[in-house]
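What the coordinates show
As a plain string of letters, each chain reads:
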Amino acid sequence: MPTYEYRCEKCGDFEEFQGINDEPLKECPCCGGEVKRIVGRSCNFLLKGPGFYTTEHRNDKYLKRSEIDKQTNEWIDHKRKLLRDDKKTVAAGN
Ligand SMILES: [Zn+2]
């Protein structure tokens, strides 16, 4: 489970364990106030694929969750295709 970092205006920064497909938190579990997700070091595992960008965008301009998932899936498909091609090459060599 990845850890996501959030920032509450009242309580400060905190971390939350969430599944990759879970919706981001909108409310602080402590005070119920609005929280903003901090995209950065905790999410580096997501940044290995192409097309990702994060911190220069302010809160209201973050990529929508679905768009991130779509790009991630496309990247995974691309990797799988490469793997398949590798196997084909090996098979042809035999
Ligand atoms: Zn709070």
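Let us look at the structure shown here.

Criteria and thresholds
Residues numbered from 1 in each chain as written. Predicted model: local features only at pLDDT ≥ 70, side-chain atom pairs only at ≥ 80, totals over all residues. Pairing = 2+ DSSP bridges. Helix = DSSP H or I, 4+ residues; strand = E, 2+ residues; numbered from the N terminus. Axes fitted to C-alpha atoms, helices over the stretch in contact; angles between N-to-C directions.

With that settled, consider the pairing of strand E1 (residues 3–8). Strand direction decides the pairing type here: E1 and strand E2 (residues 12–17), joined by six bridges, are antiparallel. Its bridge partner lying in E2, Arg-7 is registered against Asp-13. In sequence, E1 turns back onto E2 through a hairpin of three residues. Both E1 and strand E3 (residues 35–38) contribute to a ladder of four bridges, which runs antiparallel. Bridge assignment links Arg-7 to a residue of E3, and that residue is Lys-36.

The next point concerns the sheet that holds E3. Taken together, three strands build an open sheet; the order of strands is E2-E1-E3 and the sheet is antiparallel. Each edge of the open sheet carries a strand with a single partner, namely E2 and E3. Looking at each pair of strands side by side, their axes are set apart by 35 degrees on average, direction ignored.

So far we have only geometry, and geometry alone does not tell us how the molecule works.
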